[in-house]
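# Reading the structure
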Amino acid sequence: MRRAEGRTVTGRRHAAKRRRNPPGMPPTRRRGAGLAVMALALAVAMAFPVPAEAQEPLEPPVIEAVFPPGAWPGTPVSIQGRNFGALQVPGLSRVTFNGVDAGTATLWSENYILVAVPGGATSGPVVVSTMLGDSNPYPFTVYEQEPQFTSYFAEGTTRAGFEEWLTILNPYDSQYTATVTYMVAQGANRIRYYNLPARSRVTVNVNSEIGSGRDVSLSVSAAQRLYAERSLYFDYGGSWKGGHCSVPATEASDRWYFAEGTTRAGFEEWLCLANPGAQEAQVTVRYCGATGEAMQQDVLIAPRRRVSIDVNSAVGAEKDVALEIVSTQPIVAERPMYFAYRGAWDGGHITVGATETSDRWYFAEGTTRAGFEEWLCLANPGAQEAQVTVRYCGATGEAMQQDVLIAPRRRVSIDVNSAVGAEKDVALEIVSTQPIVAERPMYFAYRGAWDGGHITVGATETSDRWYFAEGTTRAGFEEWLCLANPGAQEAQVHIDYFFQGGEVQGQDLHVQAGSRVTVYVNQAVGEGRDVAVKVSSQRGIVAERSMYFLYRGGWDGGHNTLGMNL
């Protein structure tokens, strides 16, 4: 799947300088060129005059609607009307919010403008100005405070063979409105608003919202922390079928890490980077191999745009690589991979990156049962050797450990099946003398029928609350919750299941110290339910959710996510 590269657009601060003196053309030459163009246009008009009866008077722009009618600084706003002009002419066409210039618009056409509310703007009229004059003033409210909570997804596509879904959970006793911005790789960004009743979840078909054939990143904003997940089901390249799911990044960051990655035969790796900000991001991607070889790649990402990097093309075939991404502006990073594992189990998996390294990592899920192969990928991006201890905790409290050394700027892969033996359900706790990054990929033939793979980055701490927006027990789906208690005391756990109509169902259970439990959600809530989950505990635990499926009766696979704990 090829994806379009982002345009290079620089910030407003330097735009005026380029307009006055563009690279490669002295000011006098530019003025001369402009006069020549005007002379040519005048000559054409004189040679081919338009009949008087066919001429229409040129009118200033007219604003008919602004949506939304109020927003925070930095929020994209759509302006609809007429006579805006086919494009934004530097120095002549602009949008102002109560007198504050909004700068370069994301999209400008004869009847539609998409532009962000500028910093420093206050409530008052929106005005579109062109060489023909100013539009009618249109009232607009600028909120004094930005949305308190925003989440980001870098990956997303509605290309042929892909179906994308967004699920949002509101676990609170009050209704909230989610603002979703669809940042399209090539085309106009879209903004949609979704009302979430108290203690409920909503499901959005992204293909229906933005149309087919689009690569898209998402942001979800609200006045309260809402929990979102994005699922993609696919027939990749017409041969590898499956699905993957990801939780969002809760903030953009100037640094991202991934421990896993491979371009071996049967694997295709991508890196998706989204820039939700108003300034161009200059990004450096560093690829670190298992034996110390390294290379880097530089990428520019225009404001409110995304790019996709074909890692196989970037580093070549038969490479195992960890990634470190450094950016001049806060961005969001996800890494999807598609595969035919061992030439037989086809599918794909994805995870959002880690924004920090850590000396401790946790995983609740893991199994070496028949039909499952589990791996642990550890990357050391630092300058000192890391001494790592991996503790495997079983369902009944049995434990074993393994010691590993990771050289500076290296990665290692651990075959968990070989480490613990067959037919084991295990949670993991990783402790290191140096900050590292950890991911856990798993490949499977679930119940001998649905094959694929899933992956997640680990948790860096336990929590007393975990949230999952996605989940279903519809026909062709089997959902599981994995809960791990790495502590020294038993944890009393309560699970809330949230359904579409606001109904909530509860479940109580205990997780012994140093052990894990697995909850079969289909059995807990019954078949045919779309369900979100909140897990509460009086002690710190770790929670993951795995789902296995036959999507629409044809695309089989599975996906996994770590819960959100904010």
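Keep in mind it's a predicted model, so treat the numbers as computed, not measured. (Residues numbered from 1 in each chain as written. Predicted model: local features only at pLDDT ≥ 70, side-chain atom pairs only at ≥ 80, totals over all residues. Heavy atoms only, no water.)

## Regarding the overall build of the protein
- Scanning the protein from N- to C-terminus turns up 6 helices and 39 strands.
- Buried positions account for 53% of the 566 residues belonging to the protein.
- Long-range pairs, those at least 24 residues apart, make up 76% of the contacts in the protein between residues at least 6 apart in sequence.
- In the structure as shown, the protein presents an accessible area of about 23600 Å², 50% of it carried by carbon and sulfur atoms. (Helix = DSSP H or I, 4+ residues; strand = E, 2+ residues; numbered from the N terminus. Buried < 20%, exposed > 50% of the residue type's maximum accessible area, 1.4 Å probe, protein only. Contact = heavy atoms within 4.5 Å. Areas by Shrake-Rupley, 256 points an atom, 1.4 Å probe, with all protein chains shown as cover.)

## Regarding the sheet that holds strand β17 (residues 227-236)
- Within the open sheet, the 4 strands sit side by side as β15-β12-β17-β18. Their pairing is antiparallel. Here the strands that pair on one side only, and so sit at the sheet edges, are β15 (200-205) and β18 (240-246). Averaged over all pairs of adjacent strands, the angle between strand axes in this sheet comes to 15 degrees, irrespective of strand direction.
- Of the pairings in the sheet, the one linking β17 to β18 comprises 7 bridges and is antiparallel in character. Within β18, the residue paired with Leu232 across the bridge is His244. (Pairing = 2+ DSSP bridges. Axes fitted to C-alpha atoms, helices over the stretch in contact; angles between N-to-C directions.)

## A word on the nonpolar core
- If you look at the biggest cluster of nonpolar residues, it comprises 35 residues, and the most contacted ones within it are Trp256, Leu271, Leu273, Val283, Val285, Tyr287 and Ile325.
- Within the residue set of this core, elements represented by two or more residues are β19 (253-258), β20 (267-275), β21 (281-289), β22 (294-301), β23 (305-310), α4 (311-315) and β24 (321-341).
- At 6 residues, β24 tops the list of elements feeding residues into this core.
- Each residue touching Ile325, except ones within four places of it in the same chain, is listed here: Asp254, Arg255, Trp256, Phe258, Leu271, Leu273, Val283, Thr284, Val285 and Ile331. (Core = buried A, V, L, I, M, F, W, Y, C linked by side-chain atoms within 4.5 Å.)

## Focus on the side chain of Asn522
- In this structure, Asn522 sits in helix α6 (residues 521-525).
- Classification of Asn522 by relative accessible area gives buried; the value is 3%.
- Among the polar contacts made by the side chain of Asn522, one reaches the main-chain amide nitrogen of Glu479 at a distance of 2.9 Å.
- Discounting residues that sit within four places of it in the chain, Asn522 has contacts with Thr473, Phe477, Glu478, Glu479 and Glu527. (Polar contact = N/O pair within 3.5 Å; in protein donor to acceptor, adjacent residues only side chain to side chain.)

## A closer look at a nonpolar patch on the surface
- A cluster of nonpolar side chains, namely Leu58, Leu92, Met131 and Leu132, defines an oily patch on the protein surface of about 460 Å² accessible area.
- Mapped onto the elements, Leu92 comes out in the loop between β3 (76-82) and β4 (94-97). (Patch = residues over 30% accessible without salt bridge, like charges linked within 9 Å, V, L, I, M, F, W, Y side chains within 5 Å. Salt bridge = Lys/Arg side-chain N within 4 Å of Asp/Glu carboxyl O.)

## Brief notes about the packing of aromatic side chains
- Going through the model one piece at a time under the given rule, you end up with 26 aromatic pairs.
- A centroid spacing of 6.0 Å and a plane angle of 25 degrees characterise the contact between Tyr446 and Trp450, whose relative ring orientation is stacked. Trp450 shares its class with Tyr446; the two are buried.
- Put simply, the rings of Phe162, Phe234, Tyr236, Trp240 and Tyr338 touch in pairs and so form one group of aromatic residues.
- A cation over an aromatic ring shows up here: Arg529 above the ring of Phe499, its NZ or CZ 3.9 Å from the ring centre. (Phe/Tyr/Trp six-rings, centres within 6.5 Å; stacked < 30°, edge-to-face > 60°. Lys NZ or Arg CZ within 6 Å of the ring centre and 35° of its normal.)

## Some points on the pairing of strand β34 (residues 477-485)
- Most of β34 sits inside the fold, with 8 of its 9 residues counted as buried.
- The pairing of β34 with strand β38 (residues 531-551) spans 8 bridges and is antiparallel. Across the sheet, residue Phe477 finds its bridge partner in β38, namely Phe549.
- Bridge count between β34 and strand β37 (residues 515-520): 6 bridges; the pairing is antiparallel. Bridged to Ala484 within β37 is Arg516.

## A word on the pattern of salt bridges
- The tally for this structure, following the rule as stated, stands at 24 salt bridges.
- Residues Arg82 and Glu64 are paired through a salt bridge, measuring 2.9 Å at the closest nitrogen-oxygen approach. Within this pair, whereas Arg82 is found in strand β3, its partner Glu64 is found in strand β1 (residues 62-67), the two being separated by 18 residues in sequence.
- With a closest N to O distance of 3.0 Å, Arg440 and Glu544 form a salt bridge. Of the two residues, Arg440 is situated in strand β31 (residues 426-446) and Glu544 in strand β38; the sequence distance between them amounts to 104 residues.
- Given the relative accessible area of 0%, Glu544 is considered buried.
- One connected set of salt bridges, linked through shared partners, spans Arg255, Arg286 and Glu324.

In short, the description is geometric, and any link to function would need to be established separately.
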